[in-house]
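# Fold and contact review
Below, each chain spelled out in residue letters.
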Amino acid sequence: MLIERLLLKTFRNYVYEAITFSPKINVISGANGSGKTNILEAIYIASHIKSFRNCIDRDIIQWGKNEYYISVDVKSDVISTIEVGVSLRDEHPEKKIKIDGKEIKKISDFYGILNVVAFFPDDTAIISGPPDIIRRYFDSLISKVDKEYIELLTSFKKIIKNRNRLLKDIPQKRDIIKQLDIWDSMFSDCTSTLVKKRKYYIENYNIYFKTLYNEISRFNDNIIIQYHPSLFTENAEDIKNELISRRNIDIKMGTTTLGPHRDMYVVYGNENKTFKSYASTGQRRLASIAMKLSEVSIIDKVKKSKSIVLLDDVLSELDVDRRKNVLQKLIDGHHQVIITCASSNDVTIVDNFKHLKVVNNTVSE
Ligand SMILES: Nc1ncnc2c1ncn2[C@@H]1O[C@H](COP(=O)(O)OP(=O)(O)OP(=O)(O)O)[C@@H](O)[C@H]1O
Ligand SMILES: [Mg+2]
């Protein structure tokens, strides 16, 4: 899968910008704040629906305007154009997504269609941050390759919202406790499959992770990611029984205390120590890069098509040899790569690349 052309209209700092990409390495350079990451953000939205930035759609619309529009021309066997448009209706942003001109209504019909894996400076939070960050990372990854997973996850979020609302109301209206039975059944069925799928994908992921980490870092570490489900079982009937036995705790807390929303993924390193307890800044960066490279491998394998790789200034922290190792891995894998960096000198280790320069809110070759 390749991105041939990106069109942006009133998106962040771009009024109207058409950018064509090389199928191999593309380097976007420009001063700080010139709009390099904004280009990756647009591609990311066309792949993941939402921005990787913690922002609302309105922030993305060019200041003083009422809408933004992204169009991505893709070369693949499956699709050729993805369009995302957001317009402000009575101050509320309304988002429309089209694939090959056909409007998409369900998130599961969109997620994972444009195979993009993005590397961002904040990625080390997957390793060092709170448990929900790595959980969300794996939810997003599995959702890209497994349509049933994203559908189940969407249902699970609705189930838990309803169950928690009920738990909060029970102390005031004791007789509604009976309604928990239906939510517990749905919760158990959903959880059983979610946990099984998480186990399956983490096992496959680890096959790549340790090798990739050691290849790019040149360490010889025993690095592994372990999945720790919060429930003791993956059998739907047993999950239901566990929920029933914990009902009083859940009612007291006013929330569902165990389940996929509380599961943990932990990165372990040498001597079975948690990786974050000893790893240096560079090692965390390398591990987060190895995680994204493992994601690339899983997506390529399941989708039988090469993912597009976005690198937002993540190489500058690495020493020259390790920077080379990462880029070489992507070049050898024949991926289309789009890199941003403040100075194109950062990537001169690569022989051939298309150079895109951002100056005065315009991109030139
Ligand atoms: N809604 C918006 N409308 C217009 N301009 C915006 C909007 N949102 C952000 N910008 C502009 O985009 C700039 C940031 O762009 P971006 O993050 O892509 O910079 P960058 O080139 O990646 O910088 P760095 O090298 O520091 O990472 C801001 O300085 C701001 O001027
Ligand atoms: Mg940037």
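A brief report on the enclosed structure follows. (Residues numbered from 1 in each chain as written. Chains lettered and ligands numbered in written order. Predicted model: local features only at pLDDT ≥ 70, side-chain atom pairs only at ≥ 80, totals over all residues. Heavy atoms only, no water.)

The next point concerns the packing of helix H4 (residues 131-145) against helix H6 (residues 180-217). The interhelical angle for the contact between H4 and H6, taken along N-to-C directions, is 90 degrees, at an axis separation of 11 Å. The angle between H4 and H6 places the two elements in the roughly perpendicular class. Contacts between H4 and H6 involve Arg135, Tyr137, Phe138, Asp139, Leu141, Ile142 and Val145 from the former and Arg198, Tyr201, Ile202 and Tyr205 from the latter. Broken down by class, the residue content of the contact of H4 with H6 amounts to eight nonpolar, no polar and three charged. (Axes fitted to C-alpha atoms, helices over the stretch in contact; angles between N-to-C directions. Helix = DSSP H or I, 4+ residues; strand = E, 2+ residues; numbered from the N terminus. Parallel < 35°, antiparallel > 145°, perpendicular 65-115°, else oblique. Contact = heavy atoms within 4.5 Å. Nonpolar A, V, L, I, M, F, W, Y, C, P; charged D, E, K, R; others polar.)

Quick look at the sheet that holds strand S3 (residues 25-30) now. The pairing of strands in a sheet happens through backbone hydrogen bonds and is either parallel or antiparallel. As summarised here, the arrangement of the six strands in space is S8-S11-S12-S3-S13-S14, forming an open sheet in which the pairing is mixed. Edge positions in the sheet fall to strand S8 (116-119) and strand S14 (362-364), since each has one partner strand and no second. Neighbour to neighbour, the strand axes of the sheet diverge by 20 degrees on average, direction disregarded. Note that S8 and strand S11 (residues 308-312) share four bridges and pair parallel. Across the sheet, residue Val116 finds its bridge partner in S11, namely Ile308. (Pairing = 2+ DSSP bridges.)

Glancing now at the side chain of Ser34. Within the secondary structure layout, Ser34 lies in the loop between S3 and helix H1 (36-48). Among residues more than four places away in sequence, those in contact with Ser34 are Asn13, Tyr14, Val358 and Asn361.

What follows deals with the site of ligand 1. Around ligand 1 there are 16 residues in total, and Gly33, Lys36, Thr37, Asn38 and Arg53 lie nearest to it. With respect to ligand 1, the side chain of Thr37 contributes an N or O atom lying 2.7 Å from an oxygen atom. Contacts to ligand 1 include Ile61, whose backbone N or O atom sits 2.9 Å from a nitrogen atom. Within the complex, the protein chains bury 75% of what would otherwise be the 650 Å² of accessible surface of ligand 1. Counting residues per element, the ones that place at least two in the shell around ligand 1 are H1 and helix H2 (57-60). Of the residues forming the shell around ligand 1, the biggest block, three residues, is contributed by H1. Of the residues assigned to the shell around ligand 1, the class counts are four nonpolar, eight polar and four charged. (Near = heavy atom within 4 Å. Polar contact = N/O pair within 3.5 Å; in protein donor to acceptor, adjacent residues only side chain to side chain. Areas by Shrake-Rupley, 256 points an atom, 1.4 Å probe, with all protein chains shown as cover.)

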